[in-house]
Structure formats: structure tokens, C-alpha cells
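Understanding the architecture of this molecule
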Amino acid sequence: MDDASIGLLSLGGTLLLVVVGLLNYSVFRRQLDVAQRQIDASMRQLALAQRQPDMQLIQRAIAETSDHARLLVERPYLRPYFYEERVWREGDRATPDEIAVMAELILNNFASALMHSATFPEYPVRGVDRTIAFHLRNGPALRELLLQVFDRFPFSGLSLLVLKNETAEGVERDLATLIAAADIDERERLRRQGLLELFRESTHRDPIEFTTLSMSERRWTT
């Protein structure tokens with residue numbers, strides 16, 4: 001075999017190696033692209049999974065602060081008692097029992113929403129507090145029930161009072177009335193006095209903070 005033949009064979013071998021290398025590189029690139037797409041898909045799934053609790057909390061906030069709306073659609077004659085400052089009068093279509101049951105449902109949902117706001121930072125608290133304040137300030141039945149069964153809201157009671165009133169003086173007046181109530185035991189009276197002191201000493205009167213503090217204190221004392 002002469003030198004020319006050897007040169008051609010060497011060149012052919014080199015070209016073959018180049019072609020094989022290019023094919024391997026092409027396969028590698030395709031595998032790399034597939035792997036990258038899989039990573040991207042996994043990252044999207046992870047992001048969705050991380051957002052799922054937030055979405056559930058948002059859905060819960062909407063449900064807890066608007067669950068009563070469905071019942072008001074079925075009984076529209078109850079709406080003015082919670083949206084328009086209406087007080088029950090003899091001859092109204094609504095009965096006192098209907099108003100009381102609706103008020104209890106709404107107030108329980110509001111208390112639950114406040115506790116979730118205090119527990120989960122992701123909970124959409126700003127929409128919640130405005131909704132609660134609106135209904136407490138436009139629903140006499142809600143305000144009356146809150147003062148009647150205040151002991152049923154050991155964590156959220158002070159927050160509800162703050163949202164109920166437009167001024168600090170109003171909150172203190174309500175607490176003074178609650179402390180002076182004749183139908184409570186000494187332990188409950190002391191608890192209410194503690195809430196009044198907490199409110200007076202607080203420099204930051206964000207309503208939700210009072211629920212957070214109440215829940216924290218209960219954890220430390222149990």
C-alpha cells in the first residue's frame with residue numbers, strides 16, 4: 001500500500017470519527033434537552049405544590065367570610081340585618097330566632113377566619129378584616145351576640161371588638177361593660193380585665209395581632 005492510500009485511509013478514518021462524534025453529540029444534545037424539559041416540568045409541579053396551601057387558604061378565607069351569602073340569597077329578607085344596620089321590629093318577616101342563628105353562623109366564621117389569619121401568614125388577612133369590620137358595624141345582631149357570648153371567643157374576642165369599633169374609646173367601653181357583667185365568674189372577669197390592660201398597653205393595634213397574642217399566651221399557660 002503506497003503512501004497515498006495510507007493517507008486516504010487515515011483521512012477516511014478521521015472523517016468517520018468526526019461523523020460518529022457528531023452523531024454522539026447530537027444524541028447527547030437530545031438527551032440533554034429531554035432532561036432539561038423534565039427538570040422544567042418538575043419545577044413547575046413543585047411551584048404548583050408550594051402554591052397549593054396558599055390557594056387553599058385563600059379559598060378558605062373566601063368561604064369563611066362569605067359563607068353566609070348563600071343563605072342570604074335563599075332568605076333575602078335577612079340581609080338588611082347584617083348589611084344595613086336594621087334592627088328587628090314587630091311585624092318583620094324575619095323572626096328573632098332566624099336572625100340569631102344567622103348572627104351566630106357569621107360570628108363563628110369570622111372568629112375562625114381571625115384564628116387562621118393569626119396562625120398562617122399566607123392567609124389573606126387584609127380582605128378578611130375589612131369584611132368583618134363592615135358586618136360588625138352594620139349588623140346590630142352581630143354586635144349584640146358578640147357581647148352576649150364573648151366568653152366563647154377566648155382567642156379572637158378582642159380582635160372582634162377592635163373591628164367592631166371605630167375608636168379605641170369604643171373598645172374600652174365595650175370591655176368595661178363586659179367586665180361589669182353580672183353573669184360571669186371571677187376567672188372570666190379577670191380574663192376580660194387582662195384584655196383591657198393588653199389593649200391599653202398595646203402600641204400597635206392591628207386587630208389580628210390581638211388574636212395572635214391571645215393564642216400565644218394560651219400556649220404558654222397550658
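Above this note sits the structure.
Below or above, wherever it landed, is the structure these notes cover. It should be emphasised that the depicted structure is a prediction, and the values quoted were computed from it without experimental measurement. (Residues numbered from 1 in each chain as written. Predicted model: local features only at pLDDT ≥ 70, side-chain atom pairs only at ≥ 80, totals over all residues. Heavy atoms only, no water.)

What to know about the overall build of the protein chain
For the protein chain, the helix and strand inventory stands at 9 helices and 0 strands. Mapped from its N terminus to its C terminus, the protein chain presents α and β elements in the order α-α-α-α-α-α-α-α-α. For the protein chain, the share of sequence-separated contacts (at least 6 apart) that also reach a separation of at least 24 residues comes to 64%. A total of about 14,000 Å² of accessible surface is found on the protein chain, and carbon and sulfur atoms cover 57% of it. (Helix = DSSP H or I, 4+ residues; strand = E, 2+ residues; numbered from the N terminus. Contact = heavy atoms within 4.5 Å. Areas by Shrake-Rupley, 256 points an atom, 1.4 Å probe, with all protein chains shown as cover.)

Observations regarding the nonpolar core
Of all hydrophobic cores here, the largest spans 44 residues; its most connected members are Phe82, Leu107, Ile132, Leu158, Leu160 and Leu175. Counting residues per element, this core draws most heavily on helix H3 (residues 96-119), which supplies 10 residues. Apart from the residues within four sequence positions on either side, leucine 107 is in contact with Leu136, Leu142, Leu145, Leu146, Phe153 and Leu160. (Core = buried A, V, L, I, M, F, W, Y, C linked by side-chain atoms within 4.5 Å. Buried < 20%, exposed > 50% of the residue type's maximum accessible area, 1.4 Å probe, protein only.)

Focus: the pattern of salt bridges
Under the criterion given, the structure shown has 11 salt bridges. Its salt-bridge partner being glutamate 74, residue arginine 75 comes within 3.7 Å of it at the nearest N-O pair. Here arginine 143 ties to glutamate 85 by a salt bridge, and the two come within 2.5 Å at their closest N and O atoms. With arginine 143 in helix H5 (residues 140-148) and glutamate 85 in the loop between helix H2 (80-83) and H3, the pair connects residues that are 58 residues apart, well separated along the chain. Beyond isolated ion pairs, a larger network of salt bridges with shared partners links Glu74, Arg75 and Glu98. (Salt bridge = Lys/Arg side-chain N within 4 Å of Asp/Glu carboxyl O.)

Observations regarding the environment of asparagine 108
Here asparagine 108 shows up in helix H3. By relative accessible area, asparagine 108 is classed as partly exposed at 32%. When the C-alpha positions of asparagine 108 and phenylalanine 153 are compared, they lie 8.7 Å apart, and in sequence the two are 45 residues distant. Residues contacting asparagine 108, with those up to four places away along its chain left out, are Arg152 and Phe153.

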